[in-house]
Amino acid sequence: MTNYARRLGLFSGTMAVVGGIIGGGIFRTPATVAERLHSPSLVLVAWVIGGIVALIGAFCFGELGQRRPRAGGGYVYLRETFGPLPAFLYGWTLVLVIATGAIAAVAVTFADYTLALVGLPSTYSVPLAVAAILFHTAINYIGVRPAAITQNIFTMLKLVALAILIVVGVFAVTPTVPYRALPSLTVASPVGAIGAALVPILFTYGGWQQTNFIAEEIVEPERNLPRALVYGVAIVVTVYLLTNVAYLRVLGVDGLAANTAPAADTMRLLPAGGKIIAAGIALSTFGFLNLVILVTPRVLQAMAADGVFFRRFAVLHPAYQTPTAAIVALAVFAVALTLTGTFGQLVDYVTFGDWIFFGLCVAGLFVYRAKEHGAGSREQSAPGSVLPAPFRVPGYPVTPALFVLAAAFVVYSAIASNPTNAAIGAGLIALGIPAFLYWRSHP
């Protein structure tokens, strides 16, 4: 595959990780978690556990990215460890439903908050959402550097907005509801409750893996990609924990559980607090939108280069060095989902599939290590040869195994909570099998 001009340094990579995780979830998910746990102590414990799982995922994808710094990320890892069909189904699900549905959903969320902020009617929501998609498509079309600058700016702005919320909640506002004491629970009860709460928490922490899609466009990816992943996830874990402390201090666990807009209510005592947090959510979703449009076309590019998608998607623009056809195709499909309004249901159907592929990617580490072990003795015995010292996951093989189990738990919980949606989602994923067979027979 033709290499891109590498334009993204460690800072831009770290901002991409942060921007890929922080979307709109931290402004909604804490209420769901509080509703399921009813204890401030358990709420914070659950977010800490979720943060540990996210950090393990960052370490695992850091090693994967160091081993294979190629455009396409998870698609490449699955192809090399489990074969072309699982890799194709991952790309199929990501590009046709998960990423495009996320683009549409986040664009509409951005539009709704922006219109409320400026006092315009909600009838303009879809046109503004489409305009946002087209704007980011144009930015990413003309190069990685403009897209990275845009991403850095909006990631910093969303961190500023969350910092204001944290300062207000922890230091500037007198708590109206005291912490409630930990209730009497059986041994099994808190474990089951935390397990139920971890599902939305892990979804909220998800997104770090997107930076691996653009590994070829990072300066010294073998060195900087693992560092960007770990630094970025560590920043997000810290911000999320402090945000939950702010929510709990101001609203109390029961108030948080009953609240549909905890960020707005936490800011309510600050002059113009509602507008500040609405602006923060708009900035957060706008920046997240840019990142998804930046990274996802690289999966299309990798699939096309393997001959299992339109060959045109693998071609780089001679001046911009971006996969412009893939970027345009992604935008067209996302706009179509936005206009038809079908994105929400589609994403609900297949979101659990994202964690199937998360788990498989990390399980691929065992395959890579086994291959490395088989070849290591031969390389070491060659005269003058020295094996490199690559980035390694701490605690291997326990830590990758824990992540795979966590991913399996999320998938199981999603299926158990809504088996109908899961069955429809599995059907949508399975539609990729005849598509794969067609492309393999008609390269």
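Since we're looking at a predicted model, the values are computed, not measured.

## Here's the deal with the overall build of the protein
On a plain count of helices and strands, the protein comes out with 17 helices and 0 strands. Principal axes of the C-alpha set define a box for the protein whose edges measure 70 × 50 × 45 Å. Put simply, the protein has 443 residues, and 55% of those count as buried. A separation of at least 24 residues holds for 83% of the contacts in the protein among residues at least 6 apart in sequence. Element-wise, carbon and sulfur atoms account for 69% of the exposed surface of the protein, whose accessible area totals about 17,500 Å².

## A few points about helix H6 (residues 125–141)
Over its 17 residues, H6 extends 24 Å from the first C-alpha to the last, a length consistent with the 24 Å expected when each residue adds 1.5 Å. Along H6, the residues that are buried comprise Ser125, Ala129, Val130, Ala132, Ile133, His136, Thr137, Ile139 and Asn140. Against helix H5 (84–118), helix H7 (144–172), helix H11 (273–295) and helix H13 (324–340) lie the buried residues of H6. Of the residues flanking the end of H6, it is glycine 143, one or two places downstream, whose phi is positive at about 150°.

## What about the environment of alanine 302?
Counting through the fold element by element, alanine 302 comes out in helix H12 (residues 297–305). Taking the C-alpha atoms as reference points, alanine 302 and valine 76, 226 residues apart in sequence, are found 7.6 Å from one another.

## Observations regarding the environment of alanine 435
Structurally, the position occupied by alanine 435 is in helix H17 (residues 432–441). According to the relative accessible area criterion, alanine 435 is buried, its value standing at 14%. Spatially, the C-alpha atoms of alanine 435 and valine 97 are 15 Å apart, while their sequence positions differ by 338 residues. Other than its neighbours up to four places away in sequence, alanine 435 contacts Phe88 and Trp92.

## Re a nonpolar patch on the surface
A cluster of nonpolar side chains, Leu85, Ile433 and Leu437, forms an exposed patch at the surface whose accessible area comes to about 240 Å². Judged by its relative accessible area of 35%, isoleucine 433 falls in the partly exposed class.

## As for the packing of H7 against H11
Two elements in contact, H7 and H11, have axes separated by 8 Å at closest approach and are oriented at 150°. It follows that H7 is roughly antiparallel to H11 by the angle criterion. Of the two possible hands of crossing, H7 and H11 adopt the one that is left-handed. Contacts between H7 and H11 pair Ala147, Thr150, Gln151, Phe154, Leu157, Lys158, Ala161, Ile164 and Leu165 from the former with Ile276, Ile277, Gly280, Leu283, Ser284, Phe286, Gly287, Phe288, Asn290, Leu291 and Leu294 from the latter.

## Remarks on the side chain of histidine 136
With respect to the element layout, histidine 136 can be found in helix H6. Apart from the residues within four sequence positions on either side, histidine 136 is in contact with Thr150, Phe286, Leu289, Asn290 and Ile293.

## Digging into unusual backbone geometry
Here the bond from tyrosine 396 into proline 397 is cis, since omega is 5°, no more than 30 degrees from zero. Relative to the elements of secondary structure, proline 397 occurs in the loop between helix H14 (343–381) and helix H15 (398–417). One non-glycine residue, glutamate 220, lies in the positive phi region at around 45°. Despite not being glycine, glutamine 321 has its phi angle at roughly 55°, a positive value. Secondary-structure assignment places glutamine 321 in the loop between H12 and H13. What makes glutamine 321 partly exposed here is its relative accessible area of 21%.

## Quick word on the nonpolar core
In this structure, Leu37, Tyr75, Phe88, Trp208, Tyr240 and Trp355 are the most contacted members of the largest nonpolar core, which totals 134 residues. With 16 residues, the top contributor of residues to this core is H5. Excluding residues within four positions of it along the chain, tryptophan 355 makes contact with Leu202, Phe203, Trp208, Phe403, Ala407, Val410 and Val411.

## Let's talk about the packing of aromatic side chains
How two aromatic rings sit relative to each other is set out by the distance from centre to centre and by the angle between their planes. The tally for this structure, following the rule as stated, stands at 27 aromatic pairs. Each residue in the set Phe61, Tyr77, Phe203, Trp208, Trp355, Phe358 and Phe403 is aromatic and connected to the rest through ring pairs, giving one cluster.

## As for the packing of H5 against H11
Remark: H5 packs on H11, axes separated minimally by 9 Å, with the N-to-C direction vectors making an angle of 155°. Relative to H11, H5 is oriented roughly antiparallel. Relative to H11, the crossing made by H5 is left-handed. Of H11, the residues touching H5 (which contributes Ala99, Ile103, Val106, Ala107, Thr109, Phe110, Tyr113, Thr114 and Leu117) are Lys275, Ala278, Ala279, Ile281, Ala282, Thr285, Phe286, Phe288, Leu289, Val292 and Ile293. Classifying every residue of the contact of H5 with H11 by side-chain character gives 16 nonpolar, 3 polar and 1 charged.

## Points about the confidence of the model for the protein
Scored by pLDDT, the protein comes out at a mean of 84, with 90% of its residues at no less than 70. Per-element confidence in the protein ranges from a low mean pLDDT of 78 for H14 to a high of 94 for H6. Note that pLDDT drops below 50 for residues 179–188; the model gives that stretch 15 contacts with residues more than four away or on any other chain. Taken as a whole, residues 379–389 scores under 50 in pLDDT and shows 5 contacts with residues more than four places along the chain or in a different chain.

## Examining H12
For H12, the buried fraction is high: 8 of the 9 residues fall into the buried class. If you check which residues of H12 are buried, you get Pro297, Arg298, Val299, Leu300, Gln301, Ala302, Met303 and Ala304. Residues of H12 that are buried sit in contact with helix H4 (74–81), H5, H7, H11 and H13. Two residues or fewer past H12, glycine 307 is found with a positive phi of approximately 80°.

Calculation criteria
Residues numbered from 1 in each chain as written. Predicted model: local features only at pLDDT ≥ 70, side-chain atom pairs only at ≥ 80, totals over all residues. Heavy atoms only, no water. Helix = DSSP H or I, 4+ residues; strand = E, 2+ residues; numbered from the N terminus. Buried < 20%, exposed > 50% of the residue type's maximum accessible area, 1.4 Å probe, protein only. Contact = heavy atoms within 4.5 Å. Areas by Shrake-Rupley, 256 points an atom, 1.4 Å probe, with all protein chains shown as cover. Expected span 1.5 Å × (residues − 1). Patch = residues over 30% accessible without salt bridge, like charges linked within 9 Å, V, L, I, M, F, W, Y side chains within 5 Å. Salt bridge = Lys/Arg side-chain N within 4 Å of Asp/Glu carboxyl O. Axes fitted to C-alpha atoms, helices over the stretch in contact; angles between N-to-C directions. Parallel < 35°, antiparallel > 145°, perpendicular 65-115°, else oblique. Left-handed = near helix turned anticlockwise from the far one by under 90°. Core = buried A, V, L, I, M, F, W, Y, C linked by side-chain atoms within 4.5 Å. Phe/Tyr/Trp six-rings, centres within 6.5 Å; stacked < 30°, edge-to-face > 60°. Nonpolar A, V, L, I, M, F, W, Y, C, P; charged D, E, K, R; others polar. pLDDT = per-residue confidence, 0-100.

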